[in-house]
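Structural description and commentary
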Amino acid sequence: MGSDQPVVDPAVTATADDIAAMQIRGAATIADAAAAALATQAERSDAATPAAFERDLRASARELYETRPTAVSLPNALRYVLRGTEGETVSALQSSTIDAAETFRAELEQAQSKLGEIGANRLRDGDVVMTHCHSTDALACIEAALESGTAVEAIVKETRPRKQGHITAQRLRELGVPVTLIVDNAARRYLDETDHVLVGADSIAADGSVINKIGTSGLAVNARERGVPVMVAAQTIKLHPDTMTGQTVAIEMREEAEVLSADERTAIDGNADEMPPLRVENPAFDVTPPRYVDAIVTERGQFPPESIVTLMRELFGETTAEPWDTT
Ligand SMILES: O=C(COP(=O)(O)O)[C@H](O)[C@H](O)COP(=O)(O)O
């Protein structure tokens, strides 16, 4: 390998692979893992010059960035750490990168618990909460409610095709919450028994749209029709700065095998000589327009979706760049 080739630590590649394969998943968890991976890259670097160190760090950031496109917490995490990288020597660059990653991770945790306390104020004793997918930010609200003596019950949507609802159900039961697990198609029926829909977010756009697990938008529309408030728990790391300048959020399309197993595909195609081919589409996320969202709960307070742009401007300014272009 030539000396001008970037050196990415195998631990970074392993984290990137785990994110792509959803062994590490959920927007906050992905951000945390990406920051930790950059810290490892810095710690293990044997770059000979500051320029080589920065080149390797940027290459690592790019490898992590290219794993999944929808959760903006990932580029926001990378940007945060790379902006904190400073110094004239390799050793100074190493320690500033490690410090930035540690600070980021600590702030992420603090933000989640602060958000939880704010979100908990919306819940009343005896409320029934319907969840979709598995969101650590949403669960933080329930956990804080329980800690302050507010008992809740949960109706948990299974969340096809990956069934992240099972993780939510397990976590809630560990917290002592009575859980009813339902298939996604049963959600509208159970909205009659629901006091709040509570979901997380992968990205929040400048107009207040919420990008979250596929099925969130249909749930929110049904909830509005039934008069059930929709609460989105999302740390400010989920705010998508590029949407302030008109960009849209990329929606990840995942592979057919999550929807149709190889055996099912073989069975379907077995008798299909005369028929057009069957195409499977598997979008992982969807966009819920702001009019179906009652509140976005962040660590900075709760906001009607239409006003979230003010917070975005305050936190990000008007412009952003790719994480590896910002140092
Ligand atoms: O849509 C998902 C996860 O999708 P996937 O399983 O495809 O990653 C979660 O609702 C958000 O990421 C928020 O999670 P958190 O609140 O933990 O950041």
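Note that this is a predicted model, so its numbers are computed, not measured.

What follows concerns the UniProt feature "active site" (unreviewed entry) in the chain. Those places that UniProt annotates as "active site" (unreviewed entry) correspond, in this numbering, to C133 and D202. Judged by maximum C-alpha separation, these annotated positions cover 70 residues in sequence but sit close together in space, the widest gap being only 11.4 Å. Its location among the elements puts C133 in the loop between β1 (128–131) and α6 (136–147). Under the C-beta neighbour-count criterion, C133 is labelled buried, with 27 such atoms within 10 Å.

What follows concerns the sheet that holds strand β9 (residues 295–298). The mixed open sheet is built from seven strands, whose spatial order is β3-β2-β1-β4-β7-β9-β10. The outermost strands of the open sheet, each flanked by one partner alone, are β3 (179–182) and β10 (301–303). Across this sheet, the average inter-strand angle for adjacent strands is 25°, counted without regard to direction. In this structure, strand β2 (residues 153–157) lies alongside β3, joined through four bridges in parallel fashion. Of the residues in β3, the one forming a bridge with K157 is I182. Docked against the sheet, helix α9 (residues 216–226) engages β4 (196–199) and β7 (230–233), running at close to 160° with respect to β4.

Bringing the site of the ligand into the picture now. Taken together, 18 residues lie around the ligand, and A28, S135, T136, D137 and G200 are the ones closest in. Broken down by secondary-structure element, the contributors of at least two residues to the shell around the ligand are α2 (27–44), α6 and β6 (210–213). The residue inventory of the shell around the ligand, partitioned by class, reads seven nonpolar, seven polar and four charged. When residues of the shell around the ligand are assigned to domains, at least three fall in each of domain 1 (10–113) and domain 2 (116–249 + 283–316).

What counts and how
- Residues numbered from 1 in each chain as written.
- Predicted model: local features only at pLDDT ≥ 70, side-chain atom pairs only at ≥ 80, totals over all residues.
- UniProt positions renumbered as here; feature names shortened; annotations may be inferred.
- Helix = DSSP H or I, 4+ residues; strand = E, 2+ residues; numbered from the N terminus.
- Buried ≥ 20, exposed ≤ 12 C-beta atoms within 10 Å, placed from the backbone.
- Pairing = 2+ DSSP bridges.
- Axes fitted to C-alpha atoms, helices over the stretch in contact; angles between N-to-C directions.
- Contact = placed C-beta atoms within 7 Å.
- Near = placed C-beta within 6 Å.
- Nonpolar A, V, L, I, M, F, W, Y, C, P; charged D, E, K, R; others polar.
- Domains from an automatic or database assignment.

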